[in-house]
Amino acid sequence: MELVIETGSEDSGFGLVEQARAGLSRHKADEVAQLIGLTDKEMARILNLSERTLHRLRPEVRLDSNASERLLLLEALIRHGLDVFDERAEVLSRWLRVPLAELHRQTPLALLDTLVGFGMVHTVLGRIEHGIYA
């Protein structure tokens, strides 16, 4: 399984790499979390940070490249989910928290602590999008 993120243009993939390497701000993490109501505990798990570390960071502080990359992946996943669920953030938020048989009775949110998990959740969203989700 290959994780492909729609970036809009051929060169923008490199832009995402540069953004991840430069680091995104803690404030950006808050903005993304607010899109679908993720808690600090959920965000910390997704970003592979301790909740305490996340709380300690001031809004202008930049995340490291790993956390920034995960934040970019989360943002892309949210965009995909909003497309699938007709821009209804509350529906996407609920869906992320429901155990799915296709994900071995795990919630999509529980899988977002790994890069492979991001790909699996994108795949399920793609199946829903194309009407082949059972």
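Everything numeric here is computed off the predicted structure, so don't read it as measured data. (Residues numbered from 1 in each chain as written. Predicted model: local features only at pLDDT ≥ 70, side-chain atom pairs only at ≥ 80, totals over all residues. Heavy atoms only, no water.)

Caption draft 1: Up close: the overall build of the protein chain. The secondary structure content of the protein chain amounts to 7 helices and 0 strands. From first element to last, N terminus to C terminus, the protein chain shows the α and β order α-α-α-α-α-α-α. Per-residue burial over the protein chain gives 39% buried out of 134 residues. The long-range fraction of contacts in the protein chain, counting pairs at least 24 apart against all pairs at least 6 apart in sequence, stands at 64%. When the accessible surface of the protein chain is totalled, it reaches about 8,000 Å², and 51% of it is carbon and sulfur. (Helix = DSSP H or I, 4+ residues; strand = E, 2+ residues; numbered from the N terminus. Buried < 20%, exposed > 50% of the residue type's maximum accessible area, 1.4 Å probe, protein only. Contact = heavy atoms within 4.5 Å. Areas by Shrake-Rupley, 256 points an atom, 1.4 Å probe, with all protein chains shown as cover.)

Caption draft 2: Representation of helix H7 (residues 115–129) within the structure. Compared with the 21 Å implied by 1.5 Å per residue over 15 residues, the 21 Å span of H7 between its first and last C-alpha is a close match. For H7, the full list of buried residues reads Gly117, Phe118, Gly119, Val121, His122, Val124, Leu125 and Gly126. Summarising the contacts, the buried residues of H7 are in contact with helix H3 (40–47), helix H5 (65–84) and helix H6 (89–96). At the exit of H7 stands glycine 131, carrying a positive phi of roughly 70°. (Expected span 1.5 Å × (residues − 1).)

Caption draft 3: Broad picture of the packing of aromatic side chains. This structure, assessed with the given rule, holds 1 aromatic pair. Judged by centre distance (5.7 Å) and plane angle (50°), the ring pair of phenylalanine 85 and tryptophan 95 falls under tilted. On the criterion of sequence distance, the pair formed by phenylalanine 85 in the loop between H5 and H6 and tryptophan 95 in helix H6 is long-range, its members being 10 residues apart. Each member of the pair, phenylalanine 85 together with tryptophan 95, is buried. (Phe/Tyr/Trp six-rings, centres within 6.5 Å; stacked < 30°, edge-to-face > 60°.)

Caption draft 4: Broad picture of the environment of leucine 49. The residue leucine 49 is located in the loop between H3 and helix H4 (51–56) in this model. It is 7.6 Å that separates the C-alpha atoms of leucine 49 and alanine 67, two residues lying 18 residues apart in sequence. Excluding anything up to four places from it in sequence, leucine 49 contacts Ala44, Leu54, Leu63 and Ala67.

Caption draft 5: Molecular detail of the nonpolar core. Counting residues in each nonpolar core, the largest one holds 36 residues, and the members touching the most others are Met43, Leu74 and Trp95. Among the elements of the structure, helix H2 (26–36), H3, H5, H6 and H7 are those that each provide at least two residues to this core. When residues in this core are grouped by element, the largest group, 9 residues, is from H5. Apart from residues no more than four positions distant in its own chain, leucine 74 is found in contact with Val32, Leu38, Met43, Ile46, Leu112 and Phe118. (Core = buried A, V, L, I, M, F, W, Y, C linked by side-chain atoms within 4.5 Å.)

Caption draft 6: Seen up close, the side chain of glutamate 75. Note that glutamate 75 resides in helix H5. Leave out the neighbours within four places in its chain, and glutamate 75 touches Lys28 and Val32.

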